[in-house]
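Secondary and tertiary structure notes
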Amino acid sequence: MKSKRRDNHRWRKFKSALVSFGAFAAGVLVITPLGLVFLYLLAHGASAINWDFFTQLPGPVGAPGGGMVNAIMGSLELVGIASLIGIPIGVLGGVYLAEYGTARGNLMLRFVADVLNGVPSITWGVVVYGLVVLRFKGFSAYAGGLALGLIMIPLILRTTEEVILLVPNGYREASLALGIARWKTIVHVVMKTASKGIITGILLALARIGGETAPLLFTAFGNRFWNHDLSQPIAALPLQIFTYAISPYDDWHRQAWAGALVLVTGIFCINVLVRFLTRERARPAV
Amino acid sequence: MDVATTMPAEAGSAREKMAPPSRFGDKAFEWLTLGMALVVILLVFLIGWQLARGSTLAIQKFGFHFLTTSTWDPVAEQFGALPFIYGTVVSSLIALLIAVPLSIATAVYLTELAPLWIRQPVVSLVEMLAAIPSVILGLWGIFVMIPWLRDYPFPALKKIFGWTPFFTGPIYGTSMLAGGIIIAIMILPIITSVSREILRSVPNLQREAAYALGATRWEVTRIAVLSYARKGLFGAMILGLGRALGETMAVTMVIGNTPQIAASLFKPGYTLASVIANEFTEATTDIYLQALFEIGLVLFGVTILVNLLAQLLLKTMKSSLTTRAVQ
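Residues numbered from 1 in each chain as written. Chains lettered and ligands numbered in written order. Predicted model: local features only at pLDDT ≥ 70, side-chain atom pairs only at ≥ 80, totals over all residues.

The secondary structure content of chain A amounts to eleven helices and zero strands. Along chain A, from the amino end to the carboxyl end, the secondary structure elements read α-α-α-α-α-α-α-α-α-α-α. Against the 2.2 N^0.38 benchmark of 19 Å for 286 residues, chain A shows a C-alpha radius of gyration of 24 Å, more extended than a compact globule. Overall size of chain A, expressed as C-alpha extent along the three principal axes, is 80 × 70 × 35 Å. For chain A, the residues scored as buried account for 52% of the 286 residues in total. The long-range share in chain A, meaning contacts at least 24 apart out of those at least 6 apart in sequence, stands at 73%. (Helix = DSSP H or I, 4+ residues; strand = E, 2+ residues; numbered from the N terminus. Rg over C-alpha atoms; globule rule 2.2 N^0.38 Å. Buried ≥ 20, exposed ≤ 12 C-beta atoms within 10 Å, placed from the backbone. Contact = placed C-beta atoms within 7 Å.)

As structure tokens, then:
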């Protein structure tokens, strides 16, 4: 009887250990793709990156050489336009959710923002195509920037709200007790206290849209040359990677890897910066 | 805060000097922020309206048949979205089948079983996986994953399961199965991190009670944690499904882009998002463009519904947690 019980106990312990090992293996499997992608990016990308890559325009179709300087600059311009749209709307909307409004109304707004975050990015491309490209009869940097900016709004809104809610109420009360107007309290005390978190949210949103390709396919469209006019099609790094990846030329494949390495490096720099900013706590859960 | 009215009357002279605080700034700021918050709702309607407006002709011409016929012939101007719907559903299901067990097991490992020092680094790595852009995963898929799948796992699958209709026919590499696998990689991080949040929100009392009854670590997880968090985990899964349905670039690069309905997962397929990505700029006729807008509308409708369901599940899970904690 006693030994039977001990056997049973041993079996249960064994089962527990077995499941632990299985869960560990699952964790390893989840992380494996990350390692593999990195490995290949370094292996294929590093050899293709050279000075030309950062200084030259793309070469003629099929000819070796050339670079992606216009795509890198184009991506920066697009992200810049997107920021002008996404950051003010997202941050101020987040302030409203955290500081004003009724509980019920805010619950709904929050809900809509979360649902909006799940809208496929290609949908934004189609919508902006209908809104801007069809109306103004042409692909443009503005259209691409708008598509990316709209994607940023719900992202930034939610992170801003979360970090503002973390500001202790005592700060607000102290400021109001000094006779400072409510809006000045919010701008100079609450938002200032939460500024690190707000910036973190903005950076994460930038990292996210910097790699977006689908919404740019038929808004920014891509361009093999310099673009000095924002109402014209513009090149973007993710677009260029896509075009080169599905092309039949070996040299373009090499360039695609190089572009991918540059893009991922940029995105990870932002992520490292975020980690640095949030070494303490108070990081919005994204 | 109306300072002026609450000041004692004796301070009359001081009151004269101090201008009464203007409420204008407060009101303006509140309205401004409200306007920005309402943009979110506006955007939902904007998307719906724009997609519906862009596809009116196609909706009128094809009606309900659009969703049930499988001819996609731009030259003859015949458009049926069934192959794309089929491709989207099948590739997402494959992705869920792979990603859900792996991510939930990882989340369980990270909250319940792993040694403490291992948890934070792994969480960071999962977050980094989430940061890889879709197009880069697609690039890796084309040049690394597809050749590998074609040479090793696919022939093995064919050998073992070749008697079923799902693993028959020639192996090209680009296929429905490859598409499903790449989507699985894309949705692993989100399901993992949402599940982890859910498991972390399970009150510790639950675990302690089970431990006190002499349960082993796995029994505690199964009895006290998993059954408690069931609804939230289901929500995490549905959220993953929403992402899977809309995943575009990586899938487009590996699924083969052939509009067909085939039982074999080795055959190429096509998804709603990929057909928009590939054909939108090639749409030369109005009706072709309209059909693509309608596909966008279908995709938007489905993802909105799926996301609504996911958010509802996650929200009710959270609210039931707080009420129970109060009790």
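Additional details are given in the paragraphs that follow.
With that settled, consider the overall build of chain B. Each helix and strand in chain B was counted, giving 16 helices and two strands. Relative to the compact-globule value of 20 Å for 327 residues, chain B shows a C-alpha radius of gyration of 27 Å, a clear excess of over 25%. The buried share among the 327 residues of chain B stands at 47%. Within chain B, counting contacts between residues at least 6 apart in sequence, those at least 24 apart form 76% of the total.

What follows concerns the interface of chain A and chain B. Chain A puts 71 residues into the contact, and the matching count from chain B is 75 residues. Elements with a contribution of two residues or more to the side of chain A that touches chain B: α1 (2–48), α3 (69–99), α4 (103–117), α5 (121–136), α6 (141–165), α8 (182–193), α10 (237–245) and α11 (250–277) of chain A. Grouping the constituent residues of the side of chain A that touches chain B by class yields 52 nonpolar, 14 polar and five charged. (Nonpolar A, V, L, I, M, F, W, Y, C, P; charged D, E, K, R; others polar.)

Let us look at the domain arrangement of chain A. Looking at the assigned domains, one finds that chain A contains domain 1 (2–39) and domain 2 (70–248 + 267–277). If you average the C-alpha positions of domain 1 of chain A and of domain 2 of chain A, the two centres end up 41 Å apart. (Domains from an automatic or database assignment.)

One finds Ile241 of chain A together with Ile182 of chain B to be the most contacted residues of the largest nonpolar core, which totals 197 residues. Shared between two domains, this core holds at least three residues of each, these being domain 1 (2–39) and domain 2 (70–248 + 267–277) of chain A. When sequence neighbours within four positions are dropped, the list of residues in contact with Ile182 of chain B reads Leu137, Gly141, Met145, Ala250, Val251 and Val254 of chain B. (Core = buried A, V, L, I, M, F, W, Y, C linked by C-beta atoms within 7 Å.)

Summing up the model confidence of chain A, the mean pLDDT is 91 and the portion of residues at 70 or higher is 96%. A low-confidence stretch, residues 282–286 of chain A (pLDDT under 50), is modelled with 14 contacts involving residues beyond four sequence positions or located in other chains. (pLDDT = per-residue confidence, 0-100.)

Packing of α6 of chain A against helix α3 (residues 24–54) of chain B leaves a shortest axis separation of 10 Å and a crossing angle of 135°. Considering their axes alone, α6 of chain A and α3 of chain B lie oblique with respect to each other. Handedness of the crossing formed by α6 of chain A with α3 of chain B: left-handed. Two secondary-structure elements touch here, α6 of chain A through Leu150, Ile153, Pro154 and Leu157 of chain A and α3 of chain B through Val39, Val40 and Leu43 of chain B. When its residues are assigned to classes, the contact of α6 of chain A with α3 of chain B shows seven nonpolar, no polar and no charged. (Axes fitted to C-alpha atoms, helices over the stretch in contact; angles between N-to-C directions. Parallel < 35°, antiparallel > 145°, perpendicular 65-115°, else oblique. Left-handed = near helix turned anticlockwise from the far one by under 90°.)

Looking at where Gly214 of chain B falls in the secondary structure, it is placed in the loop between α11 (204–212) and α12 (217–226). The class of Gly214 of chain B is exposed, set by 9 C-beta atoms lying within 10 Å.

Detailed reading of predicted coordinates is not advised where the pLDDT is low. The pLDDT averaged across chain B works out to 90; a share of 91% of its residues lies at or above 70. Across the assembled chains, the prediction reports ipTM 0.92 with pTM 0.91.

The relative placement of two packed helices is expressed as an angle between their axes plus a distance between the axes. Residue and element names in this part refer to chain B. As a packed pair, helix α10 (residues 176–200) and helix α13 (residues 230–246) sit with axes 9 Å apart at the nearest point and diverge in direction by 155°. With respect to their mutual orientation, α10 and α13 come out roughly antiparallel. Judged by the twist between their axes, the crossing of α10 over α13 is right-handed. Where α10 abuts α13, its residues Ile183, Met186, Ile187, Ile190, Ile191, Val194, Ser195 and Ile198 lie against Gly232, Leu233, Ala236, Met237, Leu239, Gly240, Arg243 and Ala244. A per-class count over the contact of α10 with α13 returns twelve nonpolar, three polar and one charged.

Attention now goes to unusual backbone geometry. All names here are of chain A. One non-glycine residue, Phe221, adopts positive backbone phi at about 75°. Tracing the sequence through the fold places Phe221 in the loop between α9 (195–210) and α10. Take Phe221: there are 21 C-beta atoms within 10 Å of it, and that puts it in the buried class.

A few words on the environment of Ala105 of chain B. Tracing the chain through its elements places Ala105 of chain B in helix α6 (residues 82–113). A tally of 22 C-beta atoms within 10 Å means that Ala105 of chain B is categorised as buried. With 42 residues separating them along the chain, Ala105 of chain B and Gly63 of chain B place their C-alpha atoms 44 Å apart. Not counting residues up to four positions away in its chain, the partners in contact with Ala105 of chain B are Gly22, Ala23 and Ala26 of chain A.

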